[in-house]
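Architecture at a glance
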Amino acid sequence: MSSLRRFFVDKIIEPLIIEGEEFRHAVSVLRIKENEQIIICDNSGYEYISKITKINKRDFEVEIQEKVLSNIEAKQKVKLICGYLKGDKTELVVQKAVELGLKEIAVFDSQFSSSYINENKLARLNKVSVEASKQCGRAIAPKVSYYKDFKSALESASEYQNKLFACEFATKNEVDFSSLNGSTAIVVGSEGGFSKEEFELSKSLGFKTVFLGKRILRAETASITLSSIV
Ligand code: SAH
């Protein structure tokens with residue numbers, strides 16, 4: 001099924017009409033035609049094999065033919081919570097996290113972060129997530145959320161079974177990756193790294209410290225590496 005083009009909607013409502021960005025991508029970029037088969041995804045993990053019945057000026061109509069459960073979504077939920085980075089580095093992190101099968105992504109501002117995010121940048125990150133999900137054939141495009149307050153970012157991991165905090169100034173690693181089981185949240189800092197207080201806060205909220213070795217990795221390297229290991 002992965003050879004069919006896929007499009008994401010927030011919700012399946014029949015009759016199904018696709019508009020906005022997904023319409024533009026389908027019609028102006030991919031030049032899809034009436035009667036073509038496509039896959040619609042609603043972030044539930046299901047794929048809806050569908051046929052395009054009518055293309056209008058600003059939307060197209062779709063008839064759902066079959067609903068199948070995607071067989072490429074990871075069984076365990078993994079969430080990456082990382083500091084917002086300069087330039088387009090966060091986009092790289094989001095793209096790789098999606099390819100690696102993560103289910104949720106969040107970015108935050110922290111004491112030593114030097115880059116700021118706005119609504120447009122957050123929308124751009126969500127677009128990167130959808131594009132990467134399409135490219136690798138996923139049925140779930142992870143939502144990218146933003147936490148202005150670092151404590152809320154940490155608390156967003158409260159229902160995860162394993163909570164990992166990558167700390168560049170840690171002296172030992174508290175996590176045995178080979179026995180890691182269940183849902184996992186990963187926290188990685190921005191270019192400026194973490195303060196002692198932020199580290200202590202992570203401890204008080206039940207995070208285990210991950211130490212990736214004596215070399216200090218760039219934030220994007222640490223995010224991608226830890227996502228892959230988990
Ligand atoms: N500016 C800091 C480095 C920040 S690195 C300094 O000079 O010390 C950015 C983030 O990547 C860190 O906050 C941490 O989450 C992660 N990271 C980098 N190297 C790491 C390592 N060796 N072990 C664990 N985490 C690391």
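Read on for an overview of the structure. (Residues numbered from 1 in each chain as written. Predicted model: local features only at pLDDT ≥ 70, side-chain atom pairs only at ≥ 80, totals over all residues. Heavy atoms only, no water.)

Re the overall build of the protein chain
The helix and strand inventory of the protein chain stands at six helices and 11 strands. Relative to the globule expectation of 17 Å for 230 residues, the C-alpha radius of gyration of the protein chain, 19 Å, shows essentially globular dimensions. With the principal axes as the frame, the protein chain shows a C-alpha extent of 60 × 35 × 25 Å. Going through the 230 residues of the protein chain one by one, you find that 45% of them count as buried. Excluding contacts between residues fewer than 6 apart, the proportion of contacts in the protein chain whose partners are at least 24 apart in sequence is 70%. Total accessible area on the protein chain stands at roughly 12100 Å², and carbon and sulfur atoms take up 48% of it. Both charge centroids of the protein chain, one from 34 positive and one from 32 negative side chains, sit 3 Å from each other. (Helix = DSSP H or I, 4+ residues; strand = E, 2+ residues; numbered from the N terminus. Rg over C-alpha atoms; globule rule 2.2 N^0.38 Å. Buried < 20%, exposed > 50% of the residue type's maximum accessible area, 1.4 Å probe, protein only. Contact = heavy atoms within 4.5 Å. Areas by Shrake-Rupley, 256 points an atom, 1.4 Å probe, with all protein chains shown as cover. Lys, Arg positive; Asp, Glu negative; His and termini not counted. Charge placed at Lys NZ, Arg CZ, Asp CG, Glu CD.)

Topic: the site of the ligand
Around the ligand, a shell composed of 19 residues is seen, among which A166, E168, E191, L212 and G213 lie nearest. A distance of 2.6 Å separates an oxygen atom of the ligand from a polar backbone atom of A166. Between the ligand and the protein, one listed contact pairs a nitrogen atom with a backbone N or O atom of E191 at 2.8 Å. If the ligand stood free it would expose 560 Å²; the protein chains cover 84% of that surface. (Near = heavy atom within 4 Å. Polar contact = N/O pair within 3.5 Å; in protein donor to acceptor, adjacent residues only side chain to side chain.)

A look at the nonpolar core
By size, the foremost hydrophobic cluster in this structure holds 26 residues, and its most contacted members are L80, V94, L125 and V188. Contributing elements (two or more residues each) for this core: β6 (78–83), α2 (89–99), β7 (104–108), α3 (119–135), β9 (162–166), β10 (184–188) and α6 (219–229). Take this core: its biggest share by element is four residues, from α2. Leaving out residues up to four positions away in the same chain, V94 has contacts with I105, L125, V128, S129 and V144. (Core = buried A, V, L, I, M, F, W, Y, C linked by side-chain atoms within 4.5 Å.)

Let's talk about the sheet that holds strand β5 (residues 59–69)
Spatially, five strands are ordered β1-β3-β4-β5-β2 in an open sheet, and the strand pairing comes out mixed. A strand with exactly one partner marks an edge of an open sheet, and here the two such strands are β1 (6–8) and β2 (16–19). Between one strand axis and the next, the sheet turns through 45° on average, direction left out of account. Docked against the sheet, helix α1 (residues 20–29) engages β1, β2, β4 (46–55) and β5, running at close to 80° with respect to β2. (Pairing = 2+ DSSP bridges. Axes fitted to C-alpha atoms, helices over the stretch in contact; angles between N-to-C directions.)

Here we look at the side chain of S50
Inspection of the secondary structure assignment puts S50 in strand β4. Judged by its relative accessible area of 0%, S50 falls in the buried class. Polar contacts involving the side chain of S50 include one to the main-chain carbonyl oxygen of Y48, which spans 3.0 Å. Residues in contact with S50, not counting those within four places in the same chain, are E36, Q37, I38, I40, V62, E63, I64 and Q65.

Quick notes on α1
Looking only at α1, the buried set comprises E22, F23 and A26. The buried residues of α1 all sit within an arc of 100° when viewed along its axis, so they share a single face. Residues of α1 that are buried sit in contact with β1, β2, β4, β5 and α3. In the segment just after α1, R31 is the residue with positive phi, at about 55°. (Arc of directions from axis to C-beta.)

Concerning the pattern of salt bridges
With the rule as written, the count across this model stands at 13 salt bridges. A salt bridge links E104 to K77; the nearest nitrogen and oxygen atoms lie 3.6 Å apart. Here K77 lies in the loop between β5 and β6 and E104 lies in strand β7, a separation of 27 residues in the sequence. The salt bridge partner of E104 is K79, with a shortest N-O separation of 3.4 Å. With E104 in strand β7 and K79 in strand β6, this residue pair connects regions lying 25 residues apart in the sequence. The network of salt bridges with shared partners includes K77, K79, E104 and E159. (Salt bridge = Lys/Arg side-chain N within 4 Å of Asp/Glu carboxyl O.)

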